[in-house]
Amino acid sequence: MNVIFISPHFPYYYYNFCDRLKRRGVNVLGIGDTPYADISLDTKNSVTEYYYVSSLKNYDDVYKAVAHYIAKYGRIDWIESENEYWLNLEAKLRTDYNVPTGPHIEDMGKLRYKSHMKTIYKNAGIPVANYSIVESEEEGLAFARENGYPLVVKPDNGMGASDTHKLTCDEDLKTFMKNKQEDVPYILEVCVPGHVETFEGITDSKMNILIATSHVMVNQVMDNVNEGKDTIFYSQPIEGTDIYEIGKRTVEAFEAKGRFFHFEFMRLDEDHEQLGKKGDLVGLEVNMRAPGAYIPDMMNFCYDVDVYTIWADMLLYDKCYYDIERKYYVEYAGRRKEKAYALTTKEIYDRHGDHILQEEYVPDALAEAMGHHIFIYRTDTVEEMKKIRHDILMPASEREEFFAYEQLLISQEEMKKAQEQAENAKKALEDAKKKARELEIVI
């Protein structure tokens, strides 16, 4: 089998996708925009060959790279990147080279444009926020009159929370319209009062879900980017839940065949006249690629599996050979370099080292949404998870109070032990006196 993997070197941990394929005898043919000498040893070892292009945005150069691989290795079976930025590139290459495994360029509308996604969500019976594609201030103000504030505006064909803004009044809307990017279609929608819950996993060629999980976003990505909030999200059980049921419907509605997928929903935190009752789910976005922010690794930690292997086995055999059983709670906490925190990294490890499975420094290009210094940890209970989160993200202003309280707890524990020792000594003395009296009686 011949698999082309676009940008195997970025994000760094994506070499794992290539590595699991190569271990199974696949020709893994990398195309990237970083010179071979500058990519990591892990990436070098995970590919059969690497073809450097000066820019992955130059389609002619990438097209020639694929032609080179076909001439050398024969027919290409898959073209993948698992990266939102290169989905259109993948699709065009599949179309031009007649590679049937994966979306083609004609499928990109429903997979890239948020307005198209909402139409499919609605057709599947999944509620979505009212929206409009706005090109003028007048259209925006008319939408606001009909739906009220707050509103959210973002590129209809955008990635993550980039260029996403919350509008709370006419002045915000007017300011945005004056400063928005030209020739970029924007979608304006009702701001959903809730939090993001994801549904991600891997399907086989018949849309059967091989593995799936869900994560709860404590803060919205938009707020992480625009307000510099800490990034926090954690895994939650999905067996027998509404998010599994609605996620499965989404897989079918978007025809996610042989895909790693990542769907986003909003869970209402309060009743909403248009959208439903508190606790209901609202469709937000679909992404036909692996989730970012180390979520593949979090899936591994949660289930004690290897999703890169599951993905590779899906490509080769259309099967999953793991027994999928959730075992732990897993959480991600991302610190920001511009903020001061109460505990040092060493102090965090001293307290919670047995639970921490991954610690990374994130490149600035990704840190707005992910945080600069991240910790991933797993626990048996929600209470343990929240305790570790608190200690990692506790602001520096609380350090003195934290250690004073910790010392108080230590003192109380020491006092309790001293009292127990005194009680034990008192009891031992009474037992000795009793024994002595019994001996006197015998004598």
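Reading the values: rules and limits
Residues numbered from 1 in each chain as written. Predicted model: local features only at pLDDT ≥ 70, side-chain atom pairs only at ≥ 80, totals over all residues. Heavy atoms only, no water. Buried < 20%, exposed > 50% of the residue type's maximum accessible area, 1.4 Å probe, protein only. Helix = DSSP H or I, 4+ residues; strand = E, 2+ residues; numbered from the N terminus. Pairing = 2+ DSSP bridges. Axes fitted to C-alpha atoms, helices over the stretch in contact; angles between N-to-C directions. Contact = heavy atoms within 4.5 Å. Phe/Tyr/Trp six-rings, centres within 6.5 Å; stacked < 30°, edge-to-face > 60°. Lys NZ or Arg CZ within 6 Å of the ring centre and 35° of its normal. Expected span 1.5 Å × (residues − 1). Patch = residues over 30% accessible without salt bridge, like charges linked within 9 Å, V, L, I, M, F, W, Y side chains within 5 Å. Areas by Shrake-Rupley, 256 points an atom, 1.4 Å probe, with all protein chains shown as cover. Salt bridge = Lys/Arg side-chain N within 4 Å of Asp/Glu carboxyl O. Disulfide = S-S within 2.5 Å. Parallel < 35°, antiparallel > 145°, perpendicular 65-115°, else oblique. Left-handed = near helix turned anticlockwise from the far one by under 90°. Nonpolar A, V, L, I, M, F, W, Y, C, P; charged D, E, K, R; others polar. Polar contact = N/O pair within 3.5 Å; in protein donor to acceptor, adjacent residues only side chain to side chain. Core = buried A, V, L, I, M, F, W, Y, C linked by side-chain atoms within 4.5 Å.

This part is about the pairing of strand β12 (residues 260–268). By the criterion of burial, β12 is predominantly enclosed, with nine of the nine residues buried. Here β12 shows a buried face lined by F260, H262, E264, M266 and L268 and a second buried face lined by F261, F263, F265 and R267. Bridge analysis of strand β9 (residues 194–203) against β12 gives nine bridges, and the strand direction is antiparallel. Looking across to β12, one finds that V196 is bridged to M266.

Reading across the sheet, the four strands line up as β5-β8-β6-β7 and stay open at both edges, with antiparallel pairing between neighbours. Of all the strands in the sheet, the pair left with one neighbour each is β5 (131–134) and β7 (165–167). Across this sheet, the average inter-strand angle for adjacent strands is 25 degrees, counted without regard to direction. Note: strand β6 (residues 151–155) against β7, three bridges, orientation antiparallel. The partner of V153 across the bridge, within β7, is H165. Running at roughly 140 degrees to β7, helix α8 (residues 170–179) makes contact with β6, β7 and β8 (186–190) of the sheet.

Once that is clear, we can look at the packing of aromatic side chains. This model, assessed by the stated rule, comprises 24 aromatic pairs. With a centroid separation of 6.1 Å and 20 degrees between ring planes, the pair formed by F5 and F17 is classed as stacked. Taken as a pair, F5 in strand β1 (residues 2–6) and F17 in helix α1 (residues 15–23) lie far apart in primary sequence, 12 residues in all. Note on accessibility: F5 and F17 belong to one class, buried. Seen in terms of ring centroids, F176 and Y186 are 5.0 Å apart; in terms of plane orientation they differ by 85 degrees. Their pairing is edge-to-face. With F176 in helix α8 and Y186 in strand β8, this residue pair connects regions lying 10 residues apart in the sequence. Here F176 and Y186 have matching classes, each one buried. Lying across the ring of Y59, K92 places its NZ or CZ 4.8 Å from the centre. Above the ring of Y328, the side-chain terminus of R378 is found at 4.0 Å from the ring centroid.

What follows concerns helix α10 (residues 242–253). Taking 1.5 Å per residue, 12 residues should reach 16 Å; α10 reaches 16 Å between its end C-alpha atoms and fits that length. Just downstream of α10, E255 is the residue with a positive phi angle, here 50 degrees.

What follows is about a nonpolar patch on the surface. On the surface, Y405, L408 and L409 cluster together into a nonpolar patch covering about 300 Å² of accessible area. Inspection of the secondary structure puts L409 in helix α16 (residues 399–442).

Further remarks concern the state of the cysteines. Evaluation of the coordinates by the stated rule reveals zero disulfides. Between C18, a cysteine without a disulfide, and C320, which holds the nearest cysteine sulfur, the sulfur-to-sulfur distance is 20 Å. Cysteine C191 is unpaired, with the sulfur of C169 as its nearest cysteine sulfur at 14 Å.

Let us look at the sheet that holds strand β15 (residues 356–361). Spatially, eight strands are ordered β13-β12-β9-β10-β11-β14-β16-β15 in an open sheet, and the strand pairing comes out antiparallel. At either end of the open sheet lies a strand with only one pairing partner, and these are β13 (281–287) and β15. Pairs of neighbouring strands in the sheet enclose a mean axial angle of 20 degrees, with direction left out of account. Packing of helix α6 (residues 114–123) onto the sheet brings it into contact with β12 and β13, and relative to β13 it is tilted by some 130 degrees.

Running from N to C, helix α7 (residues 137–147) and α8 cross one another at 155 degrees; their axes reach a closest spacing of 10 Å. The pairing of α7 with α8 is recorded here as roughly antiparallel in orientation. When you trace α7 past α8, the crossing you get is right-handed. Residues E137, G140, L141, A144 and R145 of α7 lie in contact with α8, whose contacting residues are D170, L173, K174 and M177. Split by residue class, the contact of α7 with α8 holds four nonpolar, one polar and four charged.

This part is about the side chain of N219. By secondary structure assignment, the location of N219 is in the loop between β10 (209–217) and α9 (221–227). Judged by relative accessible area, N219 falls into the buried class, the value being 18%. In this structure the side chain of N219 is engaged in a polar contact, spanning 2.8 Å, whose partner is the backbone oxygen of D230.

Turning our attention to the nonpolar core. If you look at the biggest cluster of nonpolar residues, it comprises 88 residues, and the most contacted ones within it are F199, I202, F263, W311 and Y332. Looking at which element gives the most residues to this core, the answer is helix α12 (residues 307–317), with seven residues. Those residues within four positions of F263 in sequence are excluded, and the remaining contacts are Y121, E197, T198, F199, G247, T250, V251, E285, V286, N287 and M288. I4, L56, W86 and V99 belong to the second largest nonpolar core, which has 18 residues in total.

Note that T119 resides in helix α6. Using a relative accessible area of 37% as the deciding quantity, one classes T119 as partly exposed. Along the sequence, T119 and R289 sit 170 residues apart, while their C-alpha atoms lie 20 Å from each other.

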